[in-house]
Amino acid sequence: MKFFNFLFSRKFFLKSKGLPKHIAIIMDGNGRWAKKRLLPREAGHVRGVHVVKNVIGLAKKYNINSLTLFAFSTENWTRPKNEVLSLLNLFDKSIDNEKDKIKSNNIKIKFIGDLSSLPSDLQKKITSVERKCKKNNGMQLNIAISYGGRSEIVRAANKFINNAKAKQTISEKLLSKNLDTYGLPEIDLLIRTGGEKRLSNFMLWQLAYSELFFTDALWPDFDESIFTNALYFFQTRKRRFGSLMDI
Ligand code: IPE
Ligand code: IPE
Ligand code: MG
């Protein structure tokens, strides 16, 4: 399978110019990957973390400025308690294991989502790794945990209301300023693994004009050839943003 992926890889057709600046990924399919191997779903999530590390390396290799990974949605809280706990535990351990490497690889890390609903120990670790890497100026890595697009927009609207001057009305610019992603470049390319063609409440505001790449590959099987196929797909799009001119 991997061999065939390599054979059909678009890697060799990629141009160095016109790569996406910001890629977001819905990392779906861990549970099905595990099920196919008669393993518990958690085994798929563990494998998924290895792939996350690999993809961060790939993003660096292809000079992607910003990478946003969807790790846990506001709706994922409704999963069985043991799966939620094992995911939270995995996030906790991954921060412990990776924080030094993130720092030494000059990666700037930011967690987005309704972080106040996470266990307080995990919240502290998140703040601490973000601080640790604050002075880094290389790739921007955003991890969306307890993230929902609707929840983000509502939180942004409330932030605006709480700080608004009398009779001030909201605008696109002011709402954007209050989003978790404020200051990050627009998402150029969204990748979703696992075969579903839906957004599952991810980045509803930010994906307005992104190019969408869907693959049937399950997240634990995601590799360089699928990544470069997505980059090639992006490079062959004509982006018009509503006008008649391609850019
Ligand atoms: C994505 O994989 C990871 C999370 C949502 C946390 P899933 O756990 O959704 O795996 P499938 O879609 O059931 O295979
Ligand atoms: C989306 O996957 C969330 C993450 C990848 C973190 P889901 O598995 O939760 O999405 P649905 O339930 O198939 O829409
Ligand atoms: Mg899923």
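Everything here concerns the structure above.
Small disclaimer: the values here were computed from a predicted structure and weren't measured.

**A closer look at the packing of aromatic side chains**
Throughout the structure, instances matching the rule amount to 11 aromatic pairs. Between Phe-13 and Tyr-232, the ring centres sit 6.0 Å apart and the planes meet at 55°, which makes this aromatic pair tilted. Of this pair, Phe-13 sits in the loop between α1 (2-7) and β1 (22-26) while Tyr-232 is found in helix α8 (residues 224-235), placing the two residues 219 residues apart along the sequence. Residue classification places Phe-13 among the exposed residues on the basis of a relative accessible area of 53%.

**Observations concerning the site of ligand 1**
As a matter of local geometry, ligand 1 sits amid 13 residues, with Asp-28, Gly-31, Arg-32, Arg-41 and Arg-79 nearest to it. With respect to ligand 1, the backbone of Asn-30 contributes an N or O atom lying 3.2 Å from an oxygen atom. Protein chains shield 87% of the accessible area of ligand 1, which is 370 Å² for the free molecule. Broken down by element, the shell around ligand 1 gets its largest block of residues, 3 residues, from helix α2 (residues 30-36). Split into classes, the residues belonging to the shell around ligand 1 amount to 3 nonpolar, 5 polar and 5 charged.

**Some thoughts on helix α6 (residues 149-163)**
Compared with the 21 Å implied by 1.5 Å per residue over 15 residues, the 21 Å span of α6 between its first and last C-alpha is a close match. Taken as a whole, α6 has its buried residues at Gly-149, Glu-152, Ala-156 and Phe-160. Seen along its axis, α6 keeps its buried residues to an arc of 75°; they face one direction. Seen from the open side of α6, the exposed residues pointing more than 90 degrees away from its buried face are Arg-150, Ile-161 and Asn-162.

**Quick notes on the packing of helix α4 (residues 81-104) against helix α5 (residues 120-132)**
At a closest axis distance of 10 Å, the pairing of α4 and α5 adopts a crossing angle of 15°. Comparing the axis directions of α4 and α5 gives the class roughly parallel. As for how α4 packs across α5, the hand of that crossing is left-handed. From α4, Leu-88, Phe-91, Asp-92, Ile-95, Asp-96, Lys-99, Asp-100 and Lys-103 reach across to α5, where they touch Leu-122, Lys-125, Ile-126, Val-129 and Lys-132.

**Some points on the environment of Val-51**
As for its position among the elements, Val-51 is in helix α3 (residues 41-61). Owing to a relative accessible area of 5%, Val-51 belongs among the buried residues under this scheme. Linking Val-51 and Met-27, residues 24 residues apart in sequence, is a C-alpha distance of 9.6 Å. Sequence-distant contacts of Val-51, that is, excluding residues within four places in its chain, are made with Trp-219, Pro-220 and Phe-222.

Cut-off values and rules
Residues numbered from 1 in each chain as written. Chains lettered and ligands numbered in written order. Predicted model: local features only at pLDDT ≥ 70, side-chain atom pairs only at ≥ 80, totals over all residues. Heavy atoms only, no water. Phe/Tyr/Trp six-rings, centres within 6.5 Å; stacked < 30°, edge-to-face > 60°. Helix = DSSP H or I, 4+ residues; strand = E, 2+ residues; numbered from the N terminus. Buried < 20%, exposed > 50% of the residue type's maximum accessible area, 1.4 Å probe, protein only. Near = heavy atom within 4 Å. Polar contact = N/O pair within 3.5 Å; in protein donor to acceptor, adjacent residues only side chain to side chain. Areas by Shrake-Rupley, 256 points an atom, 1.4 Å probe, with all protein chains shown as cover. Nonpolar A, V, L, I, M, F, W, Y, C, P; charged D, E, K, R; others polar. Expected span 1.5 Å × (residues − 1). Arc of directions from axis to C-beta. Axes fitted to C-alpha atoms, helices over the stretch in contact; angles between N-to-C directions. Parallel < 35°, antiparallel > 145°, perpendicular 65-115°, else oblique. Left-handed = near helix turned anticlockwise from the far one by under 90°. Contact = heavy atoms within 4.5 Å.

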